[in-house]
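The residues making up each chain are set out below.
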Amino acid sequence: MNVKKTKQLLLIMNPCAGIKKANKYLTDILVLFGKNGYQSTVHLTEGTGDACQCAEANAKRFDLVVAVGGDGTFNEVVAGVLASGSKAVIGYIPSGSTNDFANSLHLSKNILKAAGDIMDGTARPIDIGSFNGRIFSYVASFGAFTEISYKTPQNVKNTLGYLAYALEGIKDIANVKSKHLRFVADGTVIEDDFIFGAICNSTSVGGVINLDPKLVDLSDGKFELLLIRRPKDLFELNEIVVALSSKKYKTKLISFMSAQSITVETAEKINWTLDGEFAHGAQTIKVENLNKAIRLITNPVQGK
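Residues numbered from 1 in each chain as written. Predicted model: local features only at pLDDT ≥ 70, side-chain atom pairs only at ≥ 80, totals over all residues. Heavy atoms only, no water.

*Asks:* Got a minute to help me understand the overall build of the chain in this structure?
*Replies:* Regarding its fold elements, the chain presents 10 helices and 17 strands. Across the 304 residues in the chain, those meeting the buried criterion constitute 52%. Counting contacts in the chain only where the partners sit at least 6 residues apart, residues at least 24 apart contribute 74% of the total. Surface summary for the chain: the accessible area is close to 14,300 Å², and the carbon and sulfur share equals 51%. (Helix = DSSP H or I, 4+ residues; strand = E, 2+ residues; numbered from the N terminus. Buried < 20%, exposed > 50% of the residue type's maximum accessible area, 1.4 Å probe, protein only. Contact = heavy atoms within 4.5 Å. Areas by Shrake-Rupley, 256 points an atom, 1.4 Å probe, with all protein chains shown as cover.)

*Asks:* What should I look at first to understand helix α9 (residues 234-246) in this one?
*Replies:* Within an α-helix, residues lying three or four positions from one another point in the same direction, as the helix has 3.6 residues per turn. Taking 1.5 Å as the rise per residue, α9 with 13 residues should run 18 Å; its terminal C-alpha atoms sit 18 Å apart, in good agreement. Where α9 is concerned, the buried positions are Glu236, Ile240, Ala243 and Leu244. Taken around the axis of α9, the buried residues stretch over an arc of 95°, which confines them to a single face. Set apart from the buried face of α9 by more than 90 degrees, the exposed residues are Leu234, Phe235 and Ser245. For α9, the elements touching its buried residues are β11 (209-210), β12 (223-229) and β13 (254-259). Where α9 begins, the side chain of Asp233 points an oxygen toward the backbone nitrogen of Phe235, at a separation of 3.1 Å. Of the residues trailing α9, Lys247 is marked for its positive phi of about 60°. (Expected span 1.5 Å × (residues − 1). Arc of directions from axis to C-beta. Polar contact = N/O pair within 3.5 Å; in protein donor to acceptor, adjacent residues only side chain to side chain.)

*Asks:* Would you mind showing me how to read the side chain of Asp275 here?
*Replies:* Turning to its location among the elements, Asp275 is positioned in the loop between β15 (272-274) and β16 (277-279). Although buried, Asp275 forms no salt bridge, and the nearest oppositely charged side chain, Arg134, lies 7.9 Å from it. In this structure the side chain of Asp275 is engaged in a polar contact, spanning 2.5 Å, whose partner is the side chain of Asn75. (Lys, Arg positive; Asp, Glu negative; His and termini not counted. Salt bridge = Lys/Arg side-chain N within 4 Å of Asp/Glu carboxyl O.)

*Asks:* Could you clarify how one ought to interpret the environment of Val205 in this entry?
*Replies:* Turning to its location among the elements, Val205 is positioned in strand β10 (residues 204-205). On the basis of relative accessible area, Val205 is assigned to the buried category, the value being 7%. Once the C-alpha coordinates of Val205 and Ser141 are considered, the two residues, 64 residues apart in sequence, prove to be 8.8 Å apart. Those residues in contact with Val205 that lie beyond four places of it in its chain are Asp100, Val139, Phe196, Ala198 and Cys200.

*Asks:* Any chance you could explain the environment of Ser255 here in plain terms?
*Replies:* Here Ser255 is to be found in strand β13. For Ser255, a relative accessible area of 13% translates into the label buried. For the pair Ser255 and Leu225, spaced 30 residues apart in sequence, the C-alpha to C-alpha distance is 7.7 Å. Residues contacting Ser255, with those up to four places away along its chain left out, are Ile190, Leu225, Leu226, Leu227 and Arg229. One polar contact links Ser255 to Arg229, side chain to side chain, over a distance of 3.0 Å.

So this is what it looks like as structure tokens:
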């Protein structure tokens, strides 16, 4: 008689993410997973880095690791799974304030629907990034908008959500200073003064800038590089806004291309954000695409 082996699931939840809406559904989520043959182990994070440490220490013992929280929590879970050497499939129930990466994947904003999609969905390969050896899931950025996510107080994020980012972004752009950087992207050199830059594998950046989905492939082994030069006047600022709004980037004020490997050089160390979390810069930064580094479950439509 064949006894069906119970599948093991590790659920890592950030109980402080967003407006804490996922917390009240925890029991329902576990019941749903149980009905689908999973025995779940739950870990509630207690601070920055905890999700990564938990995933790294335990992922090898599980068939499926599910992150519940915002993009920062997802980032930590991915980094931990990769560091562990585990081949576990990853699931993501987005419950943060912005959820850029989840939006790019068309993951449901409904907590129970997202949990159900993990049970019914399909695992697909996803590219991950390395920023001088530090893992990021979907974006490394600097300049305008990038400090918003770690400067905006959590209670403001919880209350206003996306609006908090948009309001802070508008206030920020009037004061931001340009930075002189040199990018070498798969042999192509771009050097200038920029007010914003993003190396991303997502259609949404900071809840403020959206890229054309036709130009973004999450598993093609390449990142999209978007660089914005400082506008000299309101006319040039309007030109940037129009280009970003229309998703047509053919303007002297914007550089846009795809590349597998990108080296960034700057005379001063500027701050970056990785998936919305603060990251110290360096005079030389090597960003590499780790092609199809993880397998992530998306809903049935997106998984096909």
